[in-house]
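Here is how the chains run, residue by residue.
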Amino acid sequence: MDIAALRTAHPDHWKLACAIRVLTLDAVAAANSGHSGMPMGMADVATVLFTKHLKFDAAAPNWIDRDRFILSAGHGSMLLYSLLHLTGYEQFPIEEIKNFRQLGARTAGHPENFLAQGIETTTGPLGQGIANSVGFAMAEEMLRARYGKKVMDHHTYVIAGDGCLMEGISQEAIGLAGRHDLSRLILFWDNNGITIDGKVDLSDRTDQVQRFRASGWHVQEVDGHDPDAIDAAITAAKNTNKPSMIACKTHIAIGSSAQDTSKGHGALTDPKLIADARKAYGWTAGPFDIPKDIKSSWEEAGRRSAAERFAWEERFGGLSDRRQAEINRVFAGEVPNKLASVIRALKKQASLGQPKMATRKSSELVLEVVNPVLPETVGGSADLTGSNNTLTGDLGIFDTDNRKGRFVHWGIREHGMASAMNGMALHGGIRPYSGTFMCFTDYARPAMRLSALMRQPVVYVMTHDSIGLGEDGPTHQPVEHLAMSRATPNTLVFRPADTVETAEAWEIALTQTGTPSVLSLTRQNLPTVRKEHKNRNLVAQGAYVLAESEGKRQAILLATGSEVEIALAARDLLQAEGIGTRVVSMPCWELFEAQDEKTRRRVLPAGPVRVAVEAGVRQGWDRWLCGEGGRSSKAGFIGMTSFGASAPAEVLYEHFGITAEAVATEVKSLL
C-alpha cells in the first residue's frame, strides 16, 4: 500500500479521512483501550458516505426522514464518534472524544443508542447491526407506502466486518433483505481479512460476494481506499432495485506498523507507532487537534442536507393537521385514547362470556381490536403464524407487492426476527410484535437482551409456554425460560391467566416507551378466572388478590398463567377443610416489584404459609415466598425440577405433581 500515492491522488479527501484516523489513535491511546484498526481502515468509505451521500443534518439529529447509518462492527466505535464530532453534532464536543470509554461519557466502548443523538442503535455483539438494519429498511418501506415519498424517503447504510458476517444472524438478515428486495439498504463490508486471532482464513473460506448474490443482493467490489470508486459504487447501489452490498477491500490499521495484522484490530497505544502513523499521514497537528480548515470542511458536510430538511419541513407542514398529528404521535411512541376503551370493552365481554380458551387465542382476540386502532403495529411470526395467533385480518402481508402490509413472515429466523424488530422500533413510527414458541427464546435471546438494553418497546409473543403444550415433549417445553426472561433487567414478563389478564397485559405492553415485553401464553385452554368486570387494569399492579380467604387466613397461594386455575382449585380443597386460603395472581413480577411497600404488603401480608405454583423452575420465586415478610420455613413451591416429557398435557401435570392436590398437601405440611 503506497500511502504517499493515496495522499497525492486525493489530497482533500485524504485530509478529511485522516482526521478520523488520528482522532481514533488519540482517543484509544488516551483510554489505553479500544479498537483502532477498523476506523483507520474504513475512514475512506465513511468520508465519502458522509460528505457526498448520507442525508442528515447535524443540527437536527432526530429528523425523521434522515438516512440511517449503522455501525454493525461496533467495536470500531471511534469511527462513529469521530464522524459525529467532526460533522458538528452538539452532543459530541472534543471533550467527549477525549473521554472515550470513561464513566459517564457518551463515547462508550461500543455505541449505545440511548447515550446520544446520532447513535442509531447499540452494536458490539457482532451481526446485530446487520439484522437491525433490515428492520430499519423494512420500517422505511412500510412508512413510505403509508405516508408517501414526500414524508418518508431515505436509505439505511450499514458497515459490517468479517465478524458480523460470520455470526449466524447475518444469514438470517441477508436472506430476509434479499427476499423482500429492500433496495434502500446498502451494506459496506470491511473486507480487511483480519480477525483477533489472525487472518480470516484461519476459520473461514466463505465467498461473501457469492453468498450475498445467492441471497438476492446487488453486489459490487471496490478498493476501499479509492474515493472515486467508493463514490461510484454508492451511486450505483442507490439505483438498484435490490439491497446492495459493497465489498470494500481495505487495510486494517492502514499507515501504521500494525497494518494488515491481528494486532491492528485492537488498541494501538505505542507512542512510536502512533507518531510514525501520523507522519505517514502527513499529519502535523497535536493530539485531539483538528486544523480549522479540515474541521470546517467536515462541518460543511454536516450542513449539506440542511436545505433538503427545510424543504421536507415545508412539505410536512402542508399535510393535513390530522395527518401531521398521527405521524408525530407514532414517532413519539404515544397511543390514542381509543386503545383503553377497546381493551375495556373486550375485558367486559370476556368477564361476562367467561370463555375457556388458550391465552394465545386470547391474545389474538386482543390484537383483533387493537390493530385497527394502532396503525403503527407490525406483527409477525417465525413460521408459526397459526400457532402464535399473531395475524389479524386487517393487517395484510408485507411483501414486495404490498409495502403497506403490516404482517411479516419471518421464516424460521427467530434471532433475525427479534433483531429486525429492534431495528423497526429504533427507526420510529412502528410498534413491532412477533411470535414464536417460548422455548425458542433461546434462539432470539441476544436480540431480546438488546431490546432491554436499548430501551425499545418490542413485544415478544411467546406461546406454548410450559409442559402444557403436551406431546411435542421436552425439546419444546420451556422450563427455565420464564426465569431467564425475568432475570433480564428492564423487561416486563407477563404470564396471564385468562383473556382478561391477557388484554390487560397487552394494554401495558403497547403503552411502554422504553421497555420490551414478553408475553408467555398457553397452548392449552384455560377457564376465565376474572369473572367480575373491573375497568381498572389489575395486571398493572403486577400481582393482586384474585380470591380472598374465608375465615382466618392461614395460607396464600401464588400463581401465574395456567397454574392460577390449579391454585383456585387447591383453595377450594383447603377451604373445605377449614383452612382459610387467599389466591394471588402474579401476572407480572416486575410491575409488582415496582409497587410501594404498602401495596406489596397488602397483597402478601406476613404470617400465612406461602406456596407458589408455576410450571417452571423455582428460580426467582423465593423473593416472594421467603422475602416480603415471608419465611423459608413456611414457604413451598410446586413446579418443575427437571425437563418435561412427551405426553398429553393433563398426563404431564399429573406426572410432575403440578396439581391442586399437591398444592393443598404442601400447604398442610407447612402449617
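Residues numbered from 1 in each chain as written. Predicted model: local features only at pLDDT ≥ 70, side-chain atom pairs only at ≥ 80, totals over all residues. Heavy atoms only, no water.

1. A word on the pairing of strand S7 (residues 244-249)
With five of six residues buried, S7 lies mostly within the body of the structure. Relative to S7, strand S3 (residues 185-191) runs parallel, the two sharing six bridges. Across the sheet, phenylalanine 188 pairs through a bridge with isoleucine 246, a residue of S7. Bridging between strand S6 (residues 218-223) and S7 involves six bridges; their strand directions are parallel. Bridge pairing in S7 places histidine 218 opposite serine 244. With respect to chirality, the unit in which S6 leads through helix H10 (residues 227-237) into the neighbouring parallel S7 is right-handed. (Buried < 20%, exposed > 50% of the residue type's maximum accessible area, 1.4 Å probe, protein only. Helix = DSSP H or I, 4+ residues; strand = E, 2+ residues; numbered from the N terminus. Pairing = 2+ DSSP bridges. Right-handed = clockwise from strand over helix to strand, strands pointing away.)

2. Regarding the packing of aromatic side chains
One pass over the full model with this rule turns up 17 aromatic pairs. Look at tryptophan 312 and phenylalanine 316: their rings are 5.1 Å apart centre to centre, the planes differ by 15°, and that puts the pair in the stacked class. Of this pair, tryptophan 312 and phenylalanine 316 both sit in helix H13 (residues 306-317), four residues apart, which is roughly one turn of the helix. The exposure class of phenylalanine 316 is buried, given its relative accessible area of 10%. Aromatic ring contacts, followed pair by pair, group Trp589, Phe592, Trp621, Trp624 and Phe637 into a single cluster. (Phe/Tyr/Trp six-rings, centres within 6.5 Å; stacked < 30°, edge-to-face > 60°.)

3. Describing helix H21 (residues 499-509)
Most of H21 is tucked away: 11 of the 11 residues are buried. Those residues of H21 that fall on the buried side of the exposure criterion are Thr499, Val500, Glu501, Thr502, Ala503, Glu504, Ala505, Trp506, Glu507, Ile508 and Ala509.

4. Some details on the sheet that holds strand S13 (residues 517-520)
Taken in spatial order, the six strands of this open sheet run S9-S8-S10-S11-S13-S12, and their pairing is parallel. Here the strands that pair on one side only, and so sit at the sheet edges, are strand S9 (407-409) and strand S12 (492-494). Strand-to-strand twist of the sheet, defined as the mean angle between neighbouring strand axes without regard to direction, takes the value 20°. Here strand S10 (residues 431-437) pairs with strand S11 (residues 459-463) via five bridges, running parallel. When the sheet's bridge partners are listed, tyrosine 433 is paired in S11 with valine 459. (Axes fitted to C-alpha atoms, helices over the stretch in contact; angles between N-to-C directions.)

5. Things to note about the pattern of salt bridges
Inspection of the entire model under this criterion finds 35 salt bridges. Across the salt bridge formed by lysine 52 and aspartate 231, the nearest N and O atoms sit 3.8 Å from each other. Of this pair, lysine 52 sits in helix H3 (residues 37-53) while aspartate 231 sits in helix H10, and the two are 179 residues apart along the sequence. Since its relative accessible area comes to 48%, lysine 52 is described here as partly exposed. One salt bridge in this structure joins arginine 406 and aspartate 394, with 3.9 Å as the shortest N-O distance. Separated by 12 residues along the polypeptide, arginine 406 in the loop between helix H17 (385-388) and S9 and aspartate 394 in the loop between H17 and S9 bring together distant segments of the chain. Residue arginine 406 is classed as buried on the basis of its relative accessible area, which comes to 10%. (Salt bridge = Lys/Arg side-chain N within 4 Å of Asp/Glu carboxyl O.)

6. Overview of empty space enclosed by the protein
Across all of its chains, the model carries five cavities of 30 Å³ or more by this definition. Each pocket or cavity is described by its volume, and for the largest cavity that value is around 90 Å³. Every residue along the wall of the largest cavity is listed here: Phe50, Leu54, Phe56, Pro61, Arg66, Asp67, Phe69, Leu80, Leu84, Tyr89, Gly118 and Glu120. The residue inventory of the lining of the largest cavity, partitioned by class, reads eight nonpolar, one polar and three charged. (1 Å grid on protein atoms, 1.4 Å probe; cavity = no way out; pocket = protein on both sides within 12 Å on 5 of 7 lines; lining within 4 Å. Points joined across faces, edges and corners; volume = space filled by probe spheres on them. Nonpolar A, V, L, I, M, F, W, Y, C, P; charged D, E, K, R; others polar.)

7. Some points on the pairing of S13
Here S13 shows two buried faces, one formed by Ser517 and Leu519 and the other by Val518 and Ser520. Relative to S13, S11 is paired through four bridges, and the arrangement is parallel. Paired with tyrosine 460 across the strands is valine 518, a residue of S13. Where S12 and S13 come together, three bridges link them in parallel fashion. Note on S13: the bridge partner recorded for valine 493 is valine 518. In this fold, the crossover linking S12 to S13 by way of H21 has right-handed handedness.

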